[in-house]
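Here are the chains, one letter per residue:
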Amino acid sequence: QVQLVESGGGLVQAGGSLRLSCAASGSISRLNAMGWFRQAPGKQRELVATISSSGTTNYYANSVEGRFTISKDDAKSTLYLHMNNLKPEDTAVYYCHGLQFRPSSEYWGQGTQVTVSS
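Residues numbered from 1 in each chain as written. Predicted model: local features only at pLDDT ≥ 70, side-chain atom pairs only at ≥ 80, totals over all residues. Heavy atoms only, no water.

A. Quick peek at the environment of K72. As for its placement among the helices and strands, K72 is situated in strand 7 (residues 68–73). Counting along the chain gives 20 residues from K72 to S52, while the straight-line C-alpha distance between them is 9.7 Å. Residues within four places of K72 in sequence aside, it is in contact with I28, I51, S52, S53, G55, T78, L79 and Y80. Here S53 takes part through its backbone oxygen, which lies 2.7 Å from a polar atom of the side chain of K72. For K72, the side chain forms a polar contact with the side chain of D74, separated by 2.7 Å. (Helix = DSSP H or I, 4+ residues; strand = E, 2+ residues; numbered from the N terminus. Contact = heavy atoms within 4.5 Å. Polar contact = N/O pair within 3.5 Å; in protein donor to acceptor, adjacent residues only side chain to side chain.)

Here's what the structure looks like:
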């Protein structure tokens, strides 16, 4: 069992930066992939970025490509999302996610609010 706890959200002006962290209770090295999702009010949860267990394969949604960077530190069991040049449309609750293939399991954090003012 892995528990995920996000932190680092807050209120920032457009053009600003934030770094989200996701601390895991157990080792994240056994997770096959980790990622960040977000959900804005009245909208469905959407995938923002993912990172493979090796850290060599990343995916970014078109809306954040070039502005956000996902990374992880296995030694600290922590996933990060570096967000630059934030826009009001980035306002959402951001969730950390972990995926394990065998046995098939997925884990979610409780979410952290990011609000970008114009």
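Continuing now.
B. Fine view of the side chain of T112. Among the structural elements, T112 can be located in strand 11 (residues 112–117). In this structure T112 comes out as buried when scored by relative accessible area, which is 11%. Of note is the side chain of T112, whose polar atom sits 3.2 Å from the backbone nitrogen of G9. Sequence-distant contacts of T112, defined by excluding residues within four places in its chain, comprise E6, S7, G8, G9, L20, A92, V93 and Y94. (Buried < 20%, exposed > 50% of the residue type's maximum accessible area, 1.4 Å probe, protein only.)

C. Representation of the packing of aromatic side chains. Going through the model one piece at a time under the given rule, you end up with 1 aromatic pair. Here the guanidinium or amino end of R45 rests over the ring plane of Y95, the centre of that ring lying 3.7 Å away. Here the basic side chain of R45 rests over the ring of W108, its NZ or CZ set 4.7 Å away from the ring centre. (Phe/Tyr/Trp six-rings, centres within 6.5 Å; stacked < 30°, edge-to-face > 60°. Lys NZ or Arg CZ within 6 Å of the ring centre and 35° of its normal.)

D. Here's a closer look at the sheet that holds strand 3 (residues 18–24). Ordered by their spatial adjacency, 4 strands build an open sheet running 1-3-8-7, and the pairing between neighbours is antiparallel. Looking along the sheet, the strands with just one partner apiece sit at the ends: strand 1 (4–7) and strand 7. For this sheet, the mean inter-axis angle between neighbouring strands, taken without regard to orientation, is 15 degrees. Sheet analysis places strand 7 next to strand 8 (residues 78–83), joined by 6 bridges and oriented antiparallel. Bridge pairing in strand 8 links S71 to Y80. (Pairing = 2+ DSSP bridges. Axes fitted to C-alpha atoms, helices over the stretch in contact; angles between N-to-C directions.)

E. Region of the structure containing the state of the cysteines. The final tally for this structure, using the stated rule, is 1 disulfide. Between the sulfur of C22 and that of C96 lies a disulfide, 2.1 Å long from S to S. As the torsion about the S-S bond is roughly -80 degrees, the C22-C96 disulfide counts as left-handed. Here C96 lies in strand 9 (residues 92–100) and C22 lies in strand 3, a separation of 74 residues in the sequence. The same class applies to C22 and to C96, which are both buried. (Disulfide = S-S within 2.5 Å.)

F. Focus on the nonpolar core. Core analysis: the biggest nonpolar cluster contains 30 residues, and W36, L81, M83 and Y94 have the highest contact counts within it. At the level of elements, strand 3, strand 4 (33–39), strand 5 (46–52), strand 7, strand 8, strand 9 and strand 11 are the ones that each hand at least two residues to this core. Broken down by element, the residue count for this core peaks at 4 residues, all from strand 3. (Core = buried A, V, L, I, M, F, W, Y, C linked by side-chain atoms within 4.5 Å.)

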